[in-house]
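# Summary of the model geometry
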Amino acid sequence: MSIFLTEADEGRIRRWVEALESDRIGSSSDEETAARIGLPYPIAGVGKHRVVFDAGEGLVLKVAKVQEGVERNGTEVWLYDRSPPELRRHLCPIVDFGYGWIVMKKMAARVPSRDRYVEQLDRICEGFLAAGLVIMDLYARRLNRPKQGNVRFDEKRDKVVLIDYADVRIVSGSPGEA
């Protein structure tokens, strides 16, 4: 049982994911998808694979909207749990999770458009690469700037934080083996 979600909310998500897995979900708009999931939280954002709800109390809830979203949630949990501390500190904290959903700390501040933060993101990516991983989709390629939808800024720690780290490629080994 979740420490953040109600039993009813967990049931709604479970039924939604079961419907995804049995191919009972037809195509719909993001707003229709969020309404069909049936959670009482406002939408904070929508990606290709997941709907992000503002769960209140400084938290967000990521729910799979397609089958690949279930896998991406699992990847984020895997990476967060298995990354060495020096890399984990750059990942948005996961505070609870279940099949098809994740509760994370809400990070709202955008990364300032300064070269030192691009350099910081470069160092983060180099650290994951040294651990045998490439986290895809962190840069706006055309501008060589952090992709604002996937990174945030922790003002208290003056750090870039990855909020969407689900698209990972293993190049060699696994986190902690490097």
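See the structure above.
In this text the structure is predicted, and so the values were computed from the model without any measurement. (Residues numbered from 1 in each chain as written. Predicted model: local features only at pLDDT ≥ 70, side-chain atom pairs only at ≥ 80, totals over all residues. Heavy atoms only, no water.)

Let us look at the overall build of the protein chain. The helix and strand tally for the protein chain stands at 5 helices and 11 strands. Over its C-alpha trace the protein chain gives a radius of gyration of 16 Å, about what one expects of a compact globule, namely 16 Å for 178 residues. Residues counted as buried form 44% of the 178 residues belonging to the protein chain. Counting contacts in the protein chain only where the partners sit at least 6 residues apart, residues at least 24 apart contribute 59% of the total. Accessible surface, the protein chain as shown: approximately 9,500 Å² in total, 49% of it carbon and sulfur. With 28 positive and 28 negative side-chain charges, the protein chain shows a separation of 4 Å between the mean positions of the two kinds. (Helix = DSSP H or I, 4+ residues; strand = E, 2+ residues; numbered from the N terminus. Rg over C-alpha atoms; globule rule 2.2 N^0.38 Å. Buried < 20%, exposed > 50% of the residue type's maximum accessible area, 1.4 Å probe, protein only. Contact = heavy atoms within 4.5 Å. Areas by Shrake-Rupley, 256 points an atom, 1.4 Å probe, with all protein chains shown as cover. Lys, Arg positive; Asp, Glu negative; His and termini not counted. Charge placed at Lys NZ, Arg CZ, Asp CG, Glu CD.)

It is worth spelling out the packing of aromatic side chains at this point. One pass over the structure, following the stated rule, counts 1 aromatic pair. When the ring of Tyr117 is compared with that of Phe153, the centres are 4.8 Å apart and the planes differ by 70°; the resulting orientation is edge-to-face. Taken together, the positions of Tyr117 in helix α5 (residues 115-130) and Phe153 in strand β9 (residues 151-154) put the pair 36 residues apart, joining distant regions of the chain. Neither residue differs from the other here; Tyr117 and Phe153 are each classed as buried. Residue placement shows Arg88 over the ring face of Tyr80; its charged tip is 5.6 Å from the ring centre. (Phe/Tyr/Trp six-rings, centres within 6.5 Å; stacked < 30°, edge-to-face > 60°. Lys NZ or Arg CZ within 6 Å of the ring centre and 35° of its normal.)

Side chains of Ile3, Phe4 and Val95 sit close together on the surface and give an oily, nonpolar patch of about 270 Å² of accessible area. Looking at where Ile3 falls in the secondary structure, it is placed in the segment before α1 (7-21). A relative accessible area of 65% means that Ile3 is categorised as exposed. (Patch = residues over 30% accessible without salt bridge, like charges linked within 9 Å, V, L, I, M, F, W, Y side chains within 5 Å. Salt bridge = Lys/Arg side-chain N within 4 Å of Asp/Glu carboxyl O.)

Of the pairings in the sheet, the one linking strand β1 (residues 43-46) to strand β2 (residues 50-56) comprises 3 bridges and is antiparallel in character. Looking at the pairing, Ile43 lines up with Phe53 of β2. Hairpin connection between β1 and β2: a loop of 3 residues separates the two successive antiparallel strands. (Pairing = 2+ DSSP bridges.)

With that out of the way, let us pick up unusual backbone geometry. For Glu57, which is not a glycine, the phi torsion comes out positive at approximately 55°. Relative to the elements of secondary structure, Glu57 occurs in the loop between β2 and β3 (59-64). Residue classification places Glu57 among the exposed residues on the basis of a relative accessible area of 79%. The residue Asp158 is not glycine, and still its phi comes out positive at about 55°. Since its relative accessible area comes to 31%, Asp158 is described here as partly exposed.

As a further point, take the nonpolar core. With 32 residues, the main nonpolar core has Leu79, Leu121, Phe128, Ile135, Leu162 and Tyr165 as its most contacted residues. At 5 residues, the largest contribution of residues to this core is made by α5. Residues in contact with Tyr165, not counting those within four places in the same chain, are Thr75, Glu76, Leu79, Tyr80, Leu91, Cys92, Ile94, Met104 and Ile135. Ala34, Leu61, Ala64 and Trp101 belong to the second largest nonpolar core, which has 18 residues in total. (Core = buried A, V, L, I, M, F, W, Y, C linked by side-chain atoms within 4.5 Å.)

Among the secondary structure elements, His90 is positioned in the loop between α4 (85-88) and β4 (94-98). Residues His90 and Val161 lie 71 residues apart in sequence; the distance between their C-alpha atoms is 4.8 Å.

This next bit is on the sheet that holds β3. Sheet strands pair via backbone hydrogen bonds, and the direction of the pair is either parallel or antiparallel. A sheet is described by the order of its strands in space; here 5 strands give the open sequence β1-β2-β3-β5-β4, paired in antiparallel fashion. Among the strands making up the open sheet, the edge pair consists of β1 and β4. Direction aside, neighbouring strands of the sheet carry axes that sit 20° apart on average. Running over the sheet, helix α2 (residues 30-37) touches β1, β2 and β3 and is turned about 55° from β2. Helix-sheet contacts for helix α3 (residues 67-82) involve β2, β3, β4 and β5 (101-105), and the interaxial angle to β3 is about 130°. (Axes fitted to C-alpha atoms, helices over the stretch in contact; angles between N-to-C directions.)

Just geometry here; none of it tells us what the structure is for.
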